[in-house]
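Residue-level structural notes
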Amino acid sequence: MTQAVNALDNTIRSNTEPSVSTRYAQSLLHRASLTLAMAAVWGFAAGCARPMLALLNVYKVPMVLTLSVVVALPAVLVARRLLRIAVSPVVLLTAIVAGLERGALVLIAFAPLIAVYAYTSQWVSPVLAQWSAGFALLCGLGSLFSELVRLPGSKGALVVLSVVTAVVLGLSMVQLISLATPVLPVHTVFGAGIDGMLHR
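Numbers given for residues are sequential positions, taken from 1 along each chain in its written order. It should be noted that, the model being predicted, local features are given only for residues of pLDDT at least 70 and side-chain atom pairs only at 80 or more, the latter also being counted only at that level, while totals for whole chains, interfaces and linings use all residues. Only hydrogens and water are set aside when side-chain values are computed; all heavy atoms of the structure are taken into account.

Topic: the overall build of the protein chain
- For the purposes of this entry, the term helix denotes a DSSP run of H or I that reaches at least four residues, the term strand denotes a run of E that reaches at least two, and both are numbered from the N terminus. A tally of helices and strands in the protein chain yields six helices and zero strands.
- With a 1.4 Å probe rolled over the protein chains alone, any residue whose accessible area is under 20% of its type maximum counts as buried; one over 50% counts as exposed, and the rest are partly exposed. In the protein chain, which comprises 200 residues, the proportion classed as buried is 38%.
- For the protein chain, the computed accessible surface area is about 11300 Å², with 71% contributed by carbon and sulfur atoms. Note on areas: Shrake-Rupley, 1.4 Å probe, and residue coverage restricted to the protein chains presented here.

Rendered as structure tokens:
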């Protein structure tokens, strides 16, 4: 009787584990798609004073976000390994994307205002776009920190992992923005990458 109960318990657990990983994968895909779509809308709004720039931004802004995660991920995974945090890469990536999703919500919130100013003010529009992007970056990194700290594990190790992730992601994003320039119709401090920001 005990063997039958144990066999049933093992069967239920083996059926439950794939469904949990499937849910994480579905959540990751859904959040990533939503984040990239919101970033594309902001990119279109930021460049809509010039139609060709707006169309290019539809793929350039999501590309910057995607490549930032790809560039930062190896360092984040190595940090997770060194800190001995027992969290799967899918769970970690889901937490990172959840943070970026909140940053993208800030972008989409400002997109209509930026689009209006793109047609009505040559000077305010780029400033508004840069401020909204900076605010979205801060919100995204703050949310990312919050998501990572809530993962199971030692709080000290999770704080270190959160700081490493935020720094590496921020540094990669700044440089990739310089490669994707122009995003706005005018030159910005982000266009020269980290060198332009440090020498400003």
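Concerning the confidence of the model for the protein chain
- Within a predicted model, pLDDT stands for the predictor's per-residue confidence, ranging from 0 to 100. Averaged over the protein chain, the pLDDT score is 82; the fraction of residues at 70 or greater is 82%.
- Model confidence for the protein chain, summarised as mean pLDDT per element, is weakest for helix 6 (residues 193–198) at 60 and strongest for helix 2 (residues 51–82) at 90.

Points about the pattern of salt bridges
- Whenever a carboxyl oxygen of Asp or Glu lies within 4 Å of a side-chain nitrogen of Lys or Arg, that contact is scored as a salt bridge. Counted according to the given criterion, the structure contains three salt bridges.
- A salt bridge links arginine 31 to glutamate 101; the nearest nitrogen and oxygen atoms lie 3.2 Å apart. Of this pair, arginine 31 sits in helix 1 (residues 2–46) while glutamate 101 sits in helix 3 (residues 89–120); the two residues are 70 residues apart in sequence, bridging distant segments of the chain.
- The partner of glutamate 147 in a salt bridge is arginine 150, and the shortest N-O contact between them spans 3.0 Å.
- Here glutamate 147 falls in the buried class, since its relative accessible area comes to 14%.
- Arginine 150 gets classed as exposed once you look at its relative accessible area, which sits at 56%.
- The network of salt bridges with common partners includes Arg102, Glu147 and Arg150.

Considering the nonpolar core
- To define a nonpolar core, start from buried Ala, Val, Leu, Ile, Met, Phe, Trp, Tyr and Cys residues and group those joined through side-chain atoms within 4.5 Å. By size, the foremost hydrophobic cluster in this structure holds 36 residues, and its most contacted members are Trp42, Leu92, Ile96, Leu100, Leu151 and Leu169.
- Secondary structure elements with two or more residues in this core: helix 1, helix 2, helix 3, helix 4 (124–149) and helix 5 (155–180).
- Any two residues having at least one pair of non-hydrogen atoms within 4.5 Å are treated as being in contact. Each residue touching tryptophan 42, except ones within four places of it in the same chain, is listed here: Val61, Leu107, Ala111, Ile114, Ala129, Ser132, Ala133 and Val183.

Let's talk about the side chain of serine 172
- On the secondary structure map, serine 172 appears in helix 5.
- Overall, serine 172 belongs to the buried group, its relative accessible area being 8%.
- The term polar contact refers here to a pair of N or O atoms within 3.5 Å; inside protein, the definition further demands a hydrogen-donor-capable atom paired with an acceptor-capable atom, and it admits residues adjacent in sequence only when both atoms are side-chain atoms. Within the structure, serine 172 has its side chain in polar contact with the backbone oxygen of serine 68 (distance 3.4 Å).
- Ignoring anything within four residues of it in the chain, the contact list for serine 172 reads Ser68, Val71 and Ala72.

What about the environment of alanine 86?
- Locating alanine 86 in the fold gives a position in the loop between helix 2 and helix 3.
- The spatial distance from the C-alpha of alanine 86 to the C-alpha of proline 152 is 7.8 Å, given a sequence separation of 66 residues.

What about the environment of leucine 171?
- With respect to the element layout, leucine 171 can be found in helix 5.
- C-alpha of leucine 171 to C-alpha of alanine 72: the two residues are 99 residues apart in sequence and 8.7 Å apart in space.

Quick notes on a nonpolar patch on the surface
- Two distance rules govern patches: like charges are joined within 9 Å, and nonpolar side chains (Val, Leu, Ile, Met, Phe, Trp, Tyr) within 5 Å, applied only to residues with over 30% relative accessible area and no salt bridge. Nonpolar side chains collect at one region of the surface, where Phe44, Met52, Leu55, Leu56, Val58, Tyr59, Met63, Leu67 and Val70 lie side by side and expose about 810 Å² of accessible area between them.
- Looking at the element boundaries, methionine 52 is found in helix 2.
- Classification of methionine 52 by relative accessible area gives exposed; the value is 58%.

Points about the packing of helix 2 against helix 5
- Lines fitted to C-alpha atoms define the axes, with helix axes restricted to the stretch in contact, and inter-axis angles between N-to-C directions lie between 0 and 180 degrees. The N-to-C vectors of helix 2 and helix 5 enclose an angle of 145°; their axes lie 8 Å apart at closest approach. Crossing handedness for the pair helix 2 and helix 5: right-handed. Whether a crossing is left-handed or right-handed is set by the direction in which the near helix is turned from the far one by less than a right angle, anticlockwise for left-handed and clockwise for right-handed.

So, the side chain of lysine 60
- Within the secondary structure, lysine 60 is located in helix 2.
- Exposure remark for lysine 60: the relative accessible area of 9% places this residue in the buried category.
- Non-local contacts of lysine 60, meaning those with residues more than four positions away in its chain, are made with Leu53, Ala180, Thr181, Pro182 and Val183.

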